[in-house]
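Geometric and topological summary
Chain residues, written in single-letter form:
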Amino acid sequence: MLVNKEIRCFRLREVALNVDEEETLLASRVAEYLQIAVEQIQGLHVVRQGIDARRKGRVLRVYTVEFLTDDASVLLRCENDPRLICVVDAPAAIEIQRTTQPKTVVVVGMGPAGLFAALTLAQAGHQVCLVERGKPVEQRVVDVESFWNGGALQHNSNVQFGEGGAGTFSDGKLTTRIKHPLTRRILQTLVDFGAPEQILVQAKPHIGTDRLRQVLIRFRRELQQLGVELRYESCLTGLDRQNGVLTTARINDRDELPCAALVLAVGHSARDTYAMLDEQGVRLEAKPFAIGVRIEHPAALINRIQFGHSNHPRLPTADYALTFNDRQSGRGIYSFCMCPGGQVVQSSSESEMVVVNGMSDYCRAGSLSNSALVVSVRPEDFADDTPLAGVRFQQHWERQAFLAGGGDYRPPAQNLMAFLGRKKGGQLVSSCRPGVRSAELTQTLPDFVSDGLKQALPHFERKMRGFITTEATLIGVETRTSAPLRIVRDGHGQSVNCPGLYPAGEGAGYAGGIMSAALDGMQIALTIHGQE
Ligand SMILES: Cc1cc2nc3c(=O)[nH]c(=O)nc-3n(C[C@H](O)[C@H](O)[C@H](O)COP(=O)(O)OP(=O)(O)OC[C@H]3O[C@@H](n4cnc5c(N)ncnc54)[C@H](O)[C@@H]3O)c2cc1C
């Protein structure tokens, strides 16, 4: 045993436990691997945790751990063991310096992009007014529940609009491929506001809609304590400019908010706002996205396919990610926004249009699991080459879904086997409220989408034996996978032809998902603050 008497911190990846083994075994597993005495390991803690289900018969829980030891052989081993590193100093957290020249900034939209932009600007000492067309989350939940129980659709208080933004009624998945030091700060902020600590170590963190609603209330209080003015039921309806530079935000066609900068974080469903920007000559461009359907299976079936267990106390509800590239059409067909043990949600925000998405609670304990199955769409598929053509494309198919569903906001649905032309009829089992209505889904989708799905499904079956089953139901349509256009901005995040306007988040076409929208909002705020 080589002792150098200097205690160092090490990080070891891929430490595996069988599903039935206790985490207390981690230290001895590490000692075994490093061939040192377990007593030599101190302060072991988990920094990352995931599931390895590549071998169905032997699903593993896989950890990255950090620990202290003064055994010199471990330091030597770092040189040629890619799983092991010596942790010198954790990167310093990004500090936001307070400004000496506060700016008046209007932030539009209380989704992740707007919330994190407002928080960052307020922490930096700027004067922030945060406006939202919808209502506080408590009232919003009441309006959405009423709609799901057959009540009227509220145009400004629904699954897309209101405090928390589009992600409030979601699985609250916090995964992102972006590697940026600020993502840690975003996760830590959510934990400070009550999100489960596990999101700091999980390989695939999620909050769940139930916990997210509580987090939003603490987020609101923090903003109020930092002096942010919050305006609900306040819709940005216009922009005033002097010599081309933005000077004032117009709210509800009535109130005026003078500002030095405006962060426009309105999400991908603010179609009236897109139309206003287009009318006012703000540069927009159509962009690709994807559309398709939601597929719903019994959660136990997906667990069995993925883990070999229908229900195991030590395993989470199983998820999946499927992709297929159709060489012929050059289109991608893939699963998207998977919600294990969740629900399909009716997510309309416009009259006589039906669109679906998915959500889960933190525990993901529902009896059904769902995800979107979507096909990539490109501007050439739109009726014309104007910036809003993609919006009209979405509206067309959402309208078809409304009609096919019977015109009362029930989404159209079809048994998977019937969609594939393998079996007539078949049961429709769905968690979607207010319920679904049997329909021929090819009537609600462009042919290239129906064909793409029919092309890809057998490939998905080969990857997940049992995916194609009479127990699966398809529900239409999923059209809001990302923004149908981009609000074109320059390298500093400012609109290319409206100085003072800072498009941010998913609606601007530069982010997709909760984490990347929050990160984009924060970066735009730091740009306005002058701390890039
Ligand atoms: C049902 C559902 C489930 C989802 N699940 C997940 C998930 O699990 N994980 C994930 O990463 N992503 C998920 N997403 C996507 C995610 O929610 C979005 O990517 C993210 O919320 C985008 O953040 P944002 O701040 O850019 O915009 P949004 O969250 O859309 O927020 C925009 C806000 O602006 C407001 N607004 C719009 N127009 C105006 C105006 N003119 N004036 C004032 N306010 C306005 C809206 O009311 C809204 O509150 C889901 C989306 C939905 C709809």
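Residues numbered from 1 in each chain as written. Predicted model: local features only at pLDDT ≥ 70, side-chain atom pairs only at ≥ 80, totals over all residues. Heavy atoms only, no water.

1. Quick word on the site of the ligand
Around the ligand, the surrounding shell holds 37 residues, and the nearest of these are Glu-132, Leu-236, Glu-506, Gly-513 and Ile-514. Here an oxygen atom of the ligand and a backbone polar atom of Ala-166 are 2.9 Å apart. At 2.9 Å, a side-chain N or O of Thr-273 approaches a nitrogen atom of the ligand. Burial of the ligand by the protein chains amounts to 96% of its free accessible area of 990 Å². A class-by-class count of the residues in the shell around the ligand yields 17 nonpolar, 15 polar and five charged. Counting residues domain by domain, the shell around the ligand receives three or more from each of domain 2 (104-285 + 485-529) and domain 3 (288-478). (Near = heavy atom within 4 Å. Polar contact = N/O pair within 3.5 Å; in protein donor to acceptor, adjacent residues only side chain to side chain. Areas by Shrake-Rupley, 256 points an atom, 1.4 Å probe, with all protein chains shown as cover. Nonpolar A, V, L, I, M, F, W, Y, C, P; charged D, E, K, R; others polar. Domains from an automatic or database assignment.)

2. Concerning the packing of aromatic side chains
Counting across every chain of the model gives eleven aromatic pairs. Joined through ring pairs, the aromatic side chains of Phe-116, Phe-193 and Phe-219 make up one cluster. Here the basic side chain of Arg-211 rests over the ring of Tyr-362, its NZ or CZ set 5.1 Å away from the ring centre. (Phe/Tyr/Trp six-rings, centres within 6.5 Å; stacked < 30°, edge-to-face > 60°. Lys NZ or Arg CZ within 6 Å of the ring centre and 35° of its normal.)

3. Considerations on the sheet that holds strand E18 (residues 368-377)
The strand order across the open sheet formed by seven strands is E14-E15-E18-E13-E21-E19-E20, and the pairing between neighbours is mixed. Each edge of the open sheet carries a strand with a single partner, namely strand E14 (323-326) and strand E20 (437-438). The pairing of strand E13 (residues 289-298) with E18 spans ten bridges and is classified as antiparallel. The partner of Ile-291 across the bridge, within E18, is Val-375. Against the sheet, helix H8 (residues 299-307) contacts E13 and E18, and its axis sits at roughly 95° relative to E13. The sheet contacts of helix H9 (residues 389-404) involve E13, E18, strand E19 (412-415) and strand E21 (473-478), and relative to E13 the element is tilted by about 35°. (Pairing = 2+ DSSP bridges. Helix = DSSP H or I, 4+ residues; strand = E, 2+ residues; numbered from the N terminus. Contact = heavy atoms within 4.5 Å. Axes fitted to C-alpha atoms, helices over the stretch in contact; angles between N-to-C directions.)

4. What to know about the packing of helix H3 (residues 112-123) against helix H6 (residues 209-225)
It is the contact of H3 with H6, at a shortest axis distance of 10 Å, that shows an interaxial angle of 30°. Between H3 and H6, the angle is such that the two are roughly parallel. Considering the relative orientation of H3 and H6, their crossing is left-handed. For the pair formed by H3 and H6, the contact residues are Leu-115, Phe-116, Ala-118 and Leu-119 on the first element and Leu-216, Phe-219, Glu-222 and Leu-223 on the second. Broken down by class, the residue content of the contact of H3 with H6 amounts to seven nonpolar, no polar and one charged. (Parallel < 35°, antiparallel > 145°, perpendicular 65-115°, else oblique. Left-handed = near helix turned anticlockwise from the far one by under 90°.)

5. Describing the pattern of salt bridges
This structure, assessed with the given rule, holds 31 salt bridges. What you see here is one network of salt bridges that share partners, running through Arg-271, Glu-350, Glu-398 and Arg-480. (Salt bridge = Lys/Arg side-chain N within 4 Å of Asp/Glu carboxyl O.)

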